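# Observations on the three-dimensional arrangement
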Amino acid sequence: MIYTLHDRPLLSESELEEALMPFPVAPYDTCSFCLDLSGGRECAFVTENDRTAALVDERQYERGAILIIPRHHRETILDIKDSELEAVYALAKRMAMAAEHAYGAVGANIYQNNGLKASQHEPHFHVHVVPRYEDSESEKLFLQRDYEVIPIEEQRQIASILRAAL
Ligand SMILES: [Zn+2]
């Protein structure tokens, strides 16, 4: 048992997990991102490792928009392990650098939403990396409903351009 300066026991990681109520997400039977990871759905991976993967966002909010996901199914920030979070954000950084090299991005929005009330559409933790350009509207907010899904061939082309810049 670990004690603080005030001699109060700290909660262990598993006790902390039990103490938290999950953020509610939309009900689901199958998870699209788990399907992507298992090869059950077509997607365009840029790169992946044992903990995390980067795939081209089927909605291109800006050229080169990417999603970073943990390999394990975690619903929200409340469920993901710190070590996975570290791996996900390390990859987000690499993808921002790749967008700078490949496309000449001059900035990037890196963000994620937790729970239905925070506009999380897929129930599997994911970080958006949205490159921004000289001609980007800097204060623009991205709404999923404003963007069409692009064809898989186009997603694969973006993946190979970014992969070459890693
Ligand atoms: Zn999942």
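Read on for a plain summary of the structure. Predicted model, so just to flag it, every value in this text is computed and none were measured. (Residues numbered from 1 in each chain as written. Predicted model: local features only at pLDDT ≥ 70, side-chain atom pairs only at ≥ 80, totals over all residues.)

## Section: the environment of Leu-91
With respect to the helices and strands, the residue Leu-91 is situated in helix H3 (residues 82–103). Taking the number of C-beta atoms within 10 Å as the measure of exposure, Leu-91 has 25 and is therefore buried. (Helix = DSSP H or I, 4+ residues; strand = E, 2+ residues; numbered from the N terminus. Buried ≥ 20, exposed ≤ 12 C-beta atoms within 10 Å, placed from the backbone.)

## Description of unusual backbone geometry
Within the chain, Ser-119 stands out as a residue other than glycine whose phi angle is a positive 70°. Following the sequence through the fold, Ser-119 ends up in the loop between strand S4 (107–111) and strand S5 (127–132).

## A short note on the sheet that holds strand S2 (residues 52–56)
One open sheet holds the five strands; their spatial order is S1-S2-S3-S5-S4, and the pairing between them is antiparallel. The open sheet has two edge strands, strand S1 (45–48) and S4, and neither has a second partner. Each strand axis lies, on average, 20° off the axis of its neighbour in the sheet, ignoring direction. Across five bridges, S4 lies against S5 in antiparallel orientation. Each residue of the ladder has a partner; that of Ile-110, found in S5, is Val-129. Across the sheet, H3 touches S1, S2, strand S3 (66–70), S4 and S5, and the angle it forms with S5 is around 20°. (Pairing = 2+ DSSP bridges. Axes fitted to C-alpha atoms, helices over the stretch in contact; angles between N-to-C directions. Contact = placed C-beta atoms within 7 Å.)

## Things to note about helix H4 (residues 152–164)
Here H4 is 13 residues long and its end C-alpha atoms lie 18 Å apart, about the 18 Å a rise of 1.5 Å per residue gives. Taken residue by residue, H4 has Gln-155, Ile-158, Ala-159 and Leu-162 as its buried positions. One side of H4 carries all its buried residues, which in axial view fall inside an arc of 105°. More than 90 degrees from the buried face of H4, the exposed residues found are Glu-153 and Ala-164. Close packing links the buried residues of H4 with S1, S2 and H3. (Expected span 1.5 Å × (residues − 1). Arc of directions from axis to C-beta.)

## So, the packing of H3 against H4
In the contact formed by H3 and H4, the axes pass within 8 Å of each other and the chain directions differ by 95°. Accordingly, the angle class assigned to the pair H3 and H4 is roughly perpendicular. For the pair H3 and H4, contact is made by Met-95, Ala-98, Ala-99 and Ala-102 and by Ile-161, Leu-162 and Ala-164, respectively. Counted by class, the contact of H3 with H4 contains seven nonpolar, no polar and no charged residues. (Parallel < 35°, antiparallel > 145°, perpendicular 65-115°, else oblique. Nonpolar A, V, L, I, M, F, W, Y, C, P; charged D, E, K, R; others polar.)

## Thoughts on the nonpolar core
The biggest cluster of nonpolar side chains holds 32 residues, and the ones touching the most others in it are Leu-55, Ile-66, Ile-68, Met-95 and Val-129. At nine residues, the largest contribution of residues to this core is made by H3. Setting aside residues up to four positions removed in sequence, Val-129 forms contacts with Ala-65, Ile-66, Ile-68, Ala-92, Met-95, Ala-96, Ala-108 and Ile-110. (Core = buried A, V, L, I, M, F, W, Y, C linked by C-beta atoms within 7 Å.)

## A closer look at the pairing of S2
S2 sits mainly inside the fold: five of its five residues count as buried. Every second residue of S2 is oriented toward a common face, with Thr-52, Ala-54 and Val-56 on one face and Ala-53 and Leu-55 on the other, all of them buried. Sheet topology note: the S1/S2 ladder contains three bridges and is antiparallel. In the strand pairing of S2, Glu-48 is matched with Ala-53. Where S2 lies against S3, five bridges are found, and the strand directions are antiparallel. By the bridge assignment, Ala-53 is partnered in S3 with Ile-69.

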